[in-house]
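Okay, here's what each chain looks like letter by letter:
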Amino acid sequence: VGMGGLGCHAADFLTRSGIGTLGIADKDTVNLSNIHRQSLYKEKDLKNSKVKVAEKRLKEINSKTKINIFNFRLNEKKLEKIIKNYDYIIDGTDNFKSKFLINDVSRKHKKILVTGAISKFDGHIFSFNFKSKKKICLRDFYQEQVITDDILNCEYEGILGTVAGIVGIMLANEILKTILKVGKNLNGYIVILDLFNLSLRKVKINKMTK
């Protein structure tokens, strides 16, 4: 969900990895400020639908991957209808209203959710297996009453394009590890990247909500 800097890189590498069916959802069109961090788009794509352009590029990468596009702004009803047909959900959105909605619907339907957030040189990566007994979710880290979307506003805060690429690829990596049942997962933890000072932390999320 979200075909910006995170979604483009995640979809690209999942398609290259042989994912059978991939759904991509975004209402926006391509604009010039997107190009430096959203790898599936070119100058000639300006003002065109992101999901339609991405579908074409992804099919050129791997014609055997089925791409389903959702070119409308999501609400709870639409999201529930879509999510029930997928095993894994990637949240690449850039606002907390959407992130909390994706979190809540994924939790309700017991999906595996991987979430990314970026700003400037910083990145956050979460993974929640809502099929497990752990009840941790995104709301336990981001407290809704004290946050603002300025934290995730790429246009206002600025972001280096490579940060989006690194975090987006790590989101795809978490999905692939889960599918292949290899390595350690992040269920209940967050990876915090500071690419300015080259530091990485893995932090446990404590239960805060009911």
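Residues numbered from 1 in each chain as written. Predicted model: local features only at pLDDT ≥ 70, side-chain atom pairs only at ≥ 80, totals over all residues. Heavy atoms only, no water.

Caption draft 1: Quick look at a positive patch on the surface. A cluster of basic residues, Lys134, Lys184, Lys202 and Lys204, forms a positive patch at the surface. Counting through the fold element by element, Lys202 comes out in strand β7 (residues 199–204). (Patch = residues over 30% accessible without salt bridge, like charges linked within 9 Å, V, L, I, M, F, W, Y side chains within 5 Å. Areas by Shrake-Rupley, 256 points an atom, 1.4 Å probe, with all protein chains shown as cover. Salt bridge = Lys/Arg side-chain N within 4 Å of Asp/Glu carboxyl O. Lys, Arg positive; Asp, Glu negative; His and termini not counted. Charge placed at Lys NZ, Arg CZ, Asp CG, Glu CD. Helix = DSSP H or I, 4+ residues; strand = E, 2+ residues; numbered from the N terminus.)

Caption draft 2: Summary view of the side chain of Asp194. As for its placement among the helices and strands, Asp194 is situated in strand β6 (residues 189–194). Despite its burial, Asp194 pairs with no opposite charge, the nearest such side chain being Arg201 at 7.8 Å. Within polar-contact distance, the side chain of Asp194 engages the side chain of Asn197 at 2.9 Å. Contact partners of Asp194, with chain neighbours within four places excluded, come to Phe121, Asp122 and Ser199. (Buried < 20%, exposed > 50% of the residue type's maximum accessible area, 1.4 Å probe, protein only. Polar contact = N/O pair within 3.5 Å; in protein donor to acceptor, adjacent residues only side chain to side chain. Contact = heavy atoms within 4.5 Å.)

Caption draft 3: Main features of the sheet that holds strand β3 (residues 88–91). Overall, mixed pairing links the 5 strands, which are arranged β3-β4-β5-β6-β7 in an open sheet. Of all strands in the sheet, those with a lone pairing partner are β3 and β7, marking the two edges. Sheet twist, expressed as the average angle between the axes of neighbouring strands with direction ignored, equals 15°. The strands touched by helix α4 (residues 96–108) within the sheet are β3 and β4 (112–119), with β4 carrying the most contacts at an inclination of about 170°. (Pairing = 2+ DSSP bridges. Axes fitted to C-alpha atoms, helices over the stretch in contact; angles between N-to-C directions.)

Caption draft 4: Main features of helix α6 (residues 161–180). With 20 residues, α6 extends 29 Å between its outermost C-alpha atoms, agreeing within 8% with the 28 Å of an ideal straight helix rising 1.5 Å per residue. Against α1 (5–16), β3, β4, β5 (122–129) and β6 lie the buried residues of α6. Directly beyond the C-terminal end of α6, a positive phi value near 55° is found at Lys181. (Expected span 1.5 Å × (residues − 1).)

Caption draft 5: Just a nonpolar patch on the surface, in detail. There is a patch of nonpolar side chains on the surface, built from Tyr88, Ile179, Leu180 and Val182 and spanning about 340 Å² of accessible area. Mapped onto the elements of the fold, Ile179 is located in helix α6.

Caption draft 6: Summary view of α1. Under the 1.5 Å per step criterion, the end-to-end length of α1 is 17 Å for 12 residues, consistent within 8% with the ideal 16 Å. Taken residue by residue, α1 has Gly5, Leu6, Gly7, Cys8, His9, Ala10, Ala11, Asp12, Leu14 and Thr15 as its buried positions. For α1, the elements touching its buried residues are β1 (21–25), α2 (50–61), β3, β4 and α6.

Caption draft 7: Seen up close, the pattern of salt bridges. Tallied over the full model, the rule gives 7 salt bridges. Ionic pairing is found between Arg73 and Asp28, a salt bridge with its closest N-O pair at 3.7 Å. Of the two residues, Arg73 is situated in the loop between β2 (66–70) and α3 (76–83) and Asp28 in the loop between β1 and α2; the sequence distance between them amounts to 45 residues. For Arg73, a relative accessible area of 56% translates into the label exposed. Asp104 is the salt-bridge partner of Arg139, the closest N and O atoms lying 2.6 Å from each other.

Caption draft 8: Examining the environment of Asp94 more closely. Along the chain, the position of Asp94 falls in the loop between β3 and α4. It is 9.4 Å that separates the C-alpha atoms of Asp94 and Leu6, two residues lying 88 residues apart in sequence.

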